[in-house]
Amino acid sequence: MKVFRTIRELREELNSCKQSQSNVSVGLVPTMGYLHDGHASLMTRARGMSDIVVLSIFVNPIQFGPGEDFETYPRDEERDLALAKSHGVDIVFIPTVQEMYPKQVKTKVVVSELTSQLCGASRPGHFDGVTTVVSKLFNIVKPNRAFFGLKDAQQVAVLQQMVTDLNMDVELITCPIIREADGLALSSRNVYLSQEDRTQALVLSRSLNEVREAIDCGRAATAAEARLMLNEIIRSAPLAVIDYAEVLSFPELSRVEDETVLVDMQGEVIMALAVKFGGTRLIDNMLFKPKEALLLV
Ligand code: AMP
């Protein structure tokens, strides 16, 4: 496994790989590091679908707002490199902020509409930072495929829109959410949780499962009922401070009207949550086709 910290060296390596072998496929797994089994699932998927797997580790300052956790975001390069190696990564790209942004950024990639709700509403500018850095990584690595987790479902919708709109020659592969045995979605930010926060944070996956069940058996028929139930279950955890608990169509991310009967909907629906526990903001979601539940009954 090779580690590069500069764009020039990484490009030289990828160019020489492409010259020595024809038709090599490159898979890119972009991350902010502090790797866990969620990231590992992306590396494994990339390994199975690519000749060369490139993992990027970069805590991207321009996707953090003022007062957010850019400075304190957990970092452990040594552990990350060992994990990347054990998952068959060929190349790790770990640039400094100076390497990625040597001068003030005057060009940004901005996706409209899909970025105005959910995390886009509570973290203004966040997705502009994400689409800009992912575009830069695509231009640097020129991957055939890039791998992203559905843990960040809005990010997947936004990036797919960007790739389509700008005719970027890369296929996005989305991977399911990896959870702890008790249901908590893996996240680098879980280390911030106190023991009590950690226990109460289980309400996220529990609310998604319970509301899904209620939709399937007709106890929560409309979007309003599903939303109400999600909010009530989450509020039963005293430490939970809800940012949003929403029901939207996916990947359009349009709010489903209150009176809409969910099992009448044709496409996919997402129940999306962002909730703070002791100052740590966690996100979780569930994607499903309500109509399929009806067909199973
Ligand atoms: P991050 O390092 O948090 O920016 O995440 C890098 C990539 O890993 C993103 O595509 C995330 O969606 C994905 N990821 C993070 N956590 C999980 C998880 N629990 N399950 C699946 N993918 C994840």
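Residues numbered from 1 in each chain as written. Predicted model: local features only at pLDDT ≥ 70, side-chain atom pairs only at ≥ 80, totals over all residues. Heavy atoms only, no water.

This part covers the overall build of the protein chain. Each helix and strand counted, the protein chain has 11 helices and nine strands in total. For a compact globule of 297 residues, the expected C-alpha radius of gyration is about 19 Å, and the protein chain comes in at 20 Å, within 12% of that figure. Over its C-alpha atoms, taken along the principal directions, the protein chain stretches across nearly 60 × 40 × 40 Å. Here the protein chain holds 297 residues, and 54% of them are scored as buried. Within the protein chain, counting contacts between residues at least 6 apart in sequence, those at least 24 apart form 73% of the total. When the accessible surface of the protein chain is summed, it comes to about 14,200 Å², and 50% of that surface belongs to carbon and sulfur atoms. (Helix = DSSP H or I, 4+ residues; strand = E, 2+ residues; numbered from the N terminus. Rg over C-alpha atoms; globule rule 2.2 N^0.38 Å. Buried < 20%, exposed > 50% of the residue type's maximum accessible area, 1.4 Å probe, protein only. Contact = heavy atoms within 4.5 Å. Areas by Shrake-Rupley, 256 points an atom, 1.4 Å probe, with all protein chains shown as cover.)

If you check the shell around the ligand, you find 17 residues, and the closest are H39, G149, D152, I178 and L186. In the environment of the ligand, an oxygen atom lies 2.6 Å from a nitrogen or oxygen atom belonging to the side chain of D152. A distance of 2.8 Å is found between a nitrogen atom of the ligand and a backbone nitrogen or oxygen belonging to I178. Relative to its unbound accessible surface of 480 Å², the ligand loses 92% to contact with the protein. Every element with two or more residues in the shell around the ligand is listed here: β2 (26-31), α2 (37-49) and β5 (145-149). By residue number, the principal contributor to the shell around the ligand is α2, which donates three residues. (Near = heavy atom within 4 Å. Polar contact = N/O pair within 3.5 Å; in protein donor to acceptor, adjacent residues only side chain to side chain.)

The next subject is the sheet that holds strand β9 (residues 280-288). In spatial order, the strands read β7-β8-β9; together these three strands make up an open sheet with antiparallel pairing. Looking at the sheet topology across the chains shown, the edges are occupied by β7 (240-250) and β9. For this sheet the average axis-to-axis angle between neighbouring strands, irrespective of direction, equals 15°. In terms of strand pairing, β7 meets strand β8 (residues 268-277) through 10 bridges, oriented antiparallel. Each bridged residue has a counterpart across the sheet, and for V241 the counterpart in β8 is K276. (Pairing = 2+ DSSP bridges. Axes fitted to C-alpha atoms, helices over the stretch in contact; angles between N-to-C directions.)

By the assigned domains, the protein chain splits into domain 1 (2-175) and domain 2 (188-291). In this structure, domain 1 and domain 2 have C-alpha centres spaced 27 Å apart. Residue-level contacts link 21 residues of domain 1 with 18 residues of domain 2. Across the domain 1 to domain 2 interface the summed buried area is about 1,600 Å²; carbon plus sulfur atoms make up 60%. (Domains from an automatic or database assignment. Buried area = accessible area lost by both parts, 1.4 Å probe.)

Inspection of the secondary structure assignment puts S207 in helix α9 (residues 203-216). What makes S207 buried here is its relative accessible area of 0%. Excluding anything up to four places from it in sequence, S207 contacts L230, I233, I234 and L273.

On to the sheet that holds β5. As summarised here, the arrangement of the six strands in space is β1-β4-β3-β2-β5-β6, forming an open sheet in which the pairing is parallel. The sheet terminates laterally at β1 (2-4) and β6 (171-175), the two strands that pair on one side only. Neighbour-to-neighbour, the strand axes of the sheet open up by a mean angle of 25°, direction not taken into account. Where β1 and strand β4 (residues 91-93) come together, three bridges link them in parallel fashion. Bridging from a neighbouring strand, V3 pairs with V92 of β4. The strands touched by helix α6 (residues 126-141) within the sheet are β2, β3 (52-57), β4, β5 and β6, with β2 carrying the most contacts at an inclination of about 150°.

Below, the discussion takes up the packing of helix α1 (residues 7-20) against α6. Where α1 contacts α6, the two axes come as close as 9 Å, and the packing angle between them is 45°. Of the possible angle classes, the one that applies to α1 and α6 is oblique. Judged by residue contacts, I7, L10, R11, L14 and K18 of α1 engage N139, I140 and V141 from α6. Grouping the amino acids of the contact of α1 with α6 by side-chain chemistry returns five nonpolar, one polar and two charged. (Parallel < 35°, antiparallel > 145°, perpendicular 65-115°, else oblique. Nonpolar A, V, L, I, M, F, W, Y, C, P; charged D, E, K, R; others polar.)

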